[in-house]
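Chains, contacts and geometry: an overview
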Amino acid sequence: MNNPDISVVVPLYNEEESLPELTAWIDRVAVAHGLSYEVIFVDDGSSDGSWRVIESLRQQFPAVRAIGFARNYGKSAALYCGFEAAQGEVVFTMDADLQDSPDEIPELRRMILEEGYDLVSGWKKKRYDPVGKRWPSKFFNWTARIASGIRLHDFNCGLKAYRRKVVKSIEVYGEMHRFIPILARKAGFRRIGEKVVEHRARKYGCSKFGLERMVKGYLDLITVLFMSHFGRSPMYFFGGLGTLMFLFGGVTTVWIIVAKLWKQSHDLPLRPVADQPLFYLAMLAVILGVQLFLAGFLGELVNRGSSDRNKYLIDKNL
């Protein structure tokens, strides 16, 4: 069987009300533009009737596929497994809450195929979220742009389009779904574009993300930037920093000892080495330098022996 033109990966958690409308909408858009498609729902351990709704939709729409987690792993895990299953020439991601519009799919696909982008990210320029959610998001996106050098206005937009080889080449783990463009660039895909997309008010339920995601977002940003630069060679960071601290501590210790011997030889007043705070700081720097160097060395050993695959417990599959 030929691969479909598009794959739409939809991670979801307790979204039973919106799934029928979203599926029908995707089907309507695909049929109107003559596109073969598949919709891959990834149920992230929902506690409502989402899985039953998906089973019903599969009877009505043969293009529906689904993966169900045994428990809630998070959006990154859902995207990871959805990307693994996707077979379409162009792969889309969108949220299940109907705030992302499937009407954007044809134009995003055209940008991938005709304009040569590897990844096109949506930009929710006009948002229907509360002010308390919009302004922290603006500040977060500004920080991510400055830190990563990727000029996107909305890193966290759920609506994105990818060439298939992009999603097969990146590893989305932890809470890194916010930084897929950074992961893609790290993997060698530098043609990253942006499109203003329609953002719709939530129709059913409530948001599954609280204010804590802002704190997690900044911690994840630090992590992904570190991994982008030093993930494959942690010795470059830890070993380099450890060497600098070791040299600082060693040189300072030698200077203190030499200064004491010089004063002794010239009968000048002097303080015992053990009475000087600088001596203890120098010793601390030496010890920390050795520990950081060893951390880098151990990181290299772990990195060489680690598996490149994440594992998630899947107890349902369609």
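Residues numbered from 1 in each chain as written. Predicted model: local features only at pLDDT ≥ 70, side-chain atom pairs only at ≥ 80, totals over all residues. Heavy atoms only, no water.

**A closer look at the pairing of strand 1 (residues 6–12)**
Inclusion rule: Summary of the burial criterion: residues with accessible area below 20% of their type's maximum are buried, those above 50% are exposed, and those between are partly exposed, where the area comes from a 1.4 Å probe applied to protein chains only. To qualify as a helix, a DSSP run of H or I must reach at least 4 residues; to qualify as a strand, a run of E must reach at least 2; elements of each kind are numbered from the N terminus. Strand pairing is assigned whenever DSSP detects at least two bridges linking the two strands. When the strands point away from the viewer and the path from the first strand over the helix to the second turns clockwise, the crossover is right-handed.
For strand 1, the buried fraction is high: 7 of the 7 residues fall into the buried class. Both faces of strand 1 are covered, namely the face carrying I6, V8, V10 and L12 and the face carrying S7, V9 and P11. Taken together, the 7 bridges between strand 1 and strand 2 (residues 37–43) define a ladder with parallel strand orientation. Bridge assignment links I6 to a residue of strand 2, and that residue is Y37. After leaving strand 1, the chain enters helix 1 (residues 19–32) and then returns to the sheet as strand 2, a path that is right-handed. Here strand 1 runs beside strand 4 (residues 90–93); their pairing, made up of 4 bridges, is parallel. In the strand pairing of strand 4, I6 is matched with V90.

**Some remarks on the pattern of salt bridges**
So the rule is basically this: Throughout this description, the term salt bridge denotes a Lys or Arg side-chain nitrogen within 4 Å of a carboxyl oxygen of Asp or Glu.
Tallied over the entire structure, the rule returns 8 salt bridges. Between D118 and R163 there is a salt bridge, with its nearest N and O atoms 3.6 Å apart. You can see D118 sitting in the loop between helix 4 (105–114) and strand 5 (119–123) and its partner R163 sitting in strand 6 (residues 160–163), a full 45 residues away along the chain. A relative accessible area of 22% places R163 in the partly exposed class.

**Focus: the side chain of T253**
The line we're drawing: Residues are treated as being in contact if the distance between any of their heavy atoms lies within 4.5 Å.
Within the element layout of this structure, T253 appears in helix 9 (residues 234–265). Residue classification places T253 among the buried positions, given a relative accessible area of 10%. With near-sequence residues (within four places) excluded, T253 lies in contact with F279, A282 and M283.

**Side note on the packing of aromatic side chains**
For the record, the criterion: Working definition: rings of Phe, Tyr and Trp (its six-membered ring) pair if their centres are within 6.5 Å, and the pair is stacked with planes under 30 degrees apart, edge-to-face with planes over 60 apart, and tilted otherwise.
Throughout the structure, instances matching the rule amount to 4 aromatic pairs. Relative to Y73, the ring of F69 lies with its centre 5.1 Å away and its plane at 90 degrees, an arrangement referred to as edge-to-face. Under the relative-accessibility criterion, F69 is labelled buried at 2%. With a relative accessible area of 23%, Y73 lands in the partly exposed category. Where F279 meets Y280, the ring centres are 5.5 Å apart and the plane angle is 75 degrees; that geometry is what we call edge-to-face. Judged by its relative accessible area of 18%, F279 is buried.

**Observations regarding a nonpolar patch on the surface**
Cut-off, in case you're wondering: A patch is a set of surface residues, each over 30% in relative accessible area and not in a salt bridge, joined within 9 Å for like charges and within 5 Å for the nonpolar side chains Val, Leu, Ile, Met, Phe, Trp and Tyr. With residues, only the protein chains shown are counted as cover, and all accessible areas are computed by Shrake-Rupley using a 1.4 Å probe.
Judged by side-chain polarity, F246, L247, V290, F293 and L294 come together as a nonpolar surface patch covering roughly 440 Å² of accessible area. Taken together, the elements giving at least two residues each to the nonpolar patch come down to helix 9 and helix 10 (277–305). In terms of residues, the nonpolar patch owes the most to one element, helix 10, which gives 3 residues.

**Structural notes on unusual backbone geometry**
One non-glycine residue with positive phi stands out, namely N14, at about 55 degrees. Take N14: it is sitting in the loop between strand 1 and helix 1. Residue N14 is classed as buried on the basis of its relative accessible area, which comes to 18%. For D267, which is not a glycine, the phi torsion comes out positive at approximately 50 degrees. Structurally, the position occupied by D267 is in the loop between helix 9 and helix 10.

**What about the environment of P4?**
Positionally, P4 belongs in the segment before strand 1. Here P4 falls in the buried class, since its relative accessible area comes to 11%. The spatial distance from the C-alpha of P4 to the C-alpha of L35 is 7.8 Å, given a sequence separation of 31 residues. Ignoring sequence-local partners within four residues, the contact set of P4 consists of S36, Y37, E38, Q87, G88 and E89.

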